[in-house]
Amino acid sequence: AASAPIVVKIPSTVTIGETEYNVTSLGYGAFRQKSISGVELPEGITSIGDYAFYYCTSLTEIEIPNTVVTIGDYAFYSCAGLEKLNFEENSQLVTIRGYTFRGCTSLKTVIFEDNSQLDTIANQAFYECTNLTTIDFGDNSQLSYIGVQTFYNCDNLSTIEFPSTITRIGDY
C-alpha cells in the first residue's frame, strides 16, 4: 500500500519546562532530503535556513508567510515535486538568494502577492525550473535586481511582466 502524504505543521510556539518560546526560524537542513509532501509555516516565522528543504522531492506546494525575512541558500534546491510557490501579501522577504529554487523541475507557478518587499532575486535562483510558466510579482513590487542565469533553462516561461522598479537584469 502507498504511504499517506506527510504534511508537517510547524508550531508558532514551543514550551520547554514552563517557558514558552516563539518559533522564528527553521535551521540549517531542517528537513533536508525528507519525504514530506507539505509544510505549514506559522505566522511569525522570520527565517528559513540554508538547505532547509533541500531535495524534498515529495514537497508539492508551499506558502511563505509574510513575516519571512530570510530564505537561505539552496533552501528548496531540487524539490522536484514542488508545483506552486506563493508569497503572502506584504511579504517582508527582501532577497531570494542563490540557488534557492534551482532544479524545482515541476514548479509551474510563483506568485508574489501585492506589496512585496522583494528587491533581489540572486543568481540561478530559479535555474532549471523547466516547467515554470508563470511568475506574478503583484502590485507595488519593489523588485530591482535579477541575477545571472536566474531563469536559465526555464524553457516554458514565455512571458514575465517585470515591475517598473527593475534597474538591472543579469546575463541569460
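Residues numbered from 1 in each chain as written. Predicted model: local features only at pLDDT ≥ 70, side-chain atom pairs only at ≥ 80, totals over all residues. Heavy atoms only, no water.

> Talk me through the nonpolar core; I want residue IDs and the actual numbers.
By size, the foremost hydrophobic cluster in this structure holds 45 residues, and its most contacted members are Ile48, Phe53, Ile64, Phe76, Phe87, Ile96 and Phe126. Counting only elements with at least two residues in this core, the list comes to strand 7 (61-64), strand 9 (84-87) and strand 11 (109-112). Ignoring sequence-local partners within four residues, the contact set of Phe87 consists of Ile64, Ile71, Leu93, Ile96, Phe101, Val110, Ile111, Phe112 and Glu113. (Core = buried A, V, L, I, M, F, W, Y, C linked by side-chain atoms within 4.5 Å. Buried < 20%, exposed > 50% of the residue type's maximum accessible area, 1.4 Å probe, protein only. Helix = DSSP H or I, 4+ residues; strand = E, 2+ residues; numbered from the N terminus. Contact = heavy atoms within 4.5 Å.)

> If you had to explain a nonpolar patch on the surface to someone new, which residues and values would you point to?
A cluster of nonpolar side chains, Val14, Ile16 and Tyr21, forms an exposed patch at the surface whose accessible area comes to about 280 Å². Among the secondary structure elements, Tyr21 is positioned in strand 3 (residues 19-22). Taking the relative accessible area as the measure of exposure, Tyr21 reaches 41% and is therefore partly exposed. (Patch = residues over 30% accessible without salt bridge, like charges linked within 9 Å, V, L, I, M, F, W, Y side chains within 5 Å. Areas by Shrake-Rupley, 256 points an atom, 1.4 Å probe, with all protein chains shown as cover. Salt bridge = Lys/Arg side-chain N within 4 Å of Asp/Glu carboxyl O.)

> Requested: an account of the packing of aromatic side chains, with residues and values cited.
Per the counting criterion, the structure on display carries 17 aromatic pairs. Centre to centre, the rings of Phe31 and Phe53 are 5.5 Å apart; their planes meet at 10°, and the pair counts as stacked. One end of the pair, Phe31, is in the loop between strand 4 (25-26) and strand 5 (38-40); the other, Phe53, is in the loop between strand 6 (47-48) and strand 7, with 22 residues separating them in the sequence. Looking at Phe31, the relative accessible area reads 16%, which means it is buried. Classification of Phe53 by relative accessible area gives buried; the value is 0%. Among the aromatic residues, ring-to-ring pairing joins Tyr28, Tyr51, Tyr54, Tyr55, Tyr74, Tyr77 and Tyr99 into one connected group. Taking NZ or CZ as reference, Arg32 lies 4.5 Å from the ring centre of Tyr54, over its face. (Phe/Tyr/Trp six-rings, centres within 6.5 Å; stacked < 30°, edge-to-face > 60°. Lys NZ or Arg CZ within 6 Å of the ring centre and 35° of its normal.)

By themselves these figures say nothing about function.
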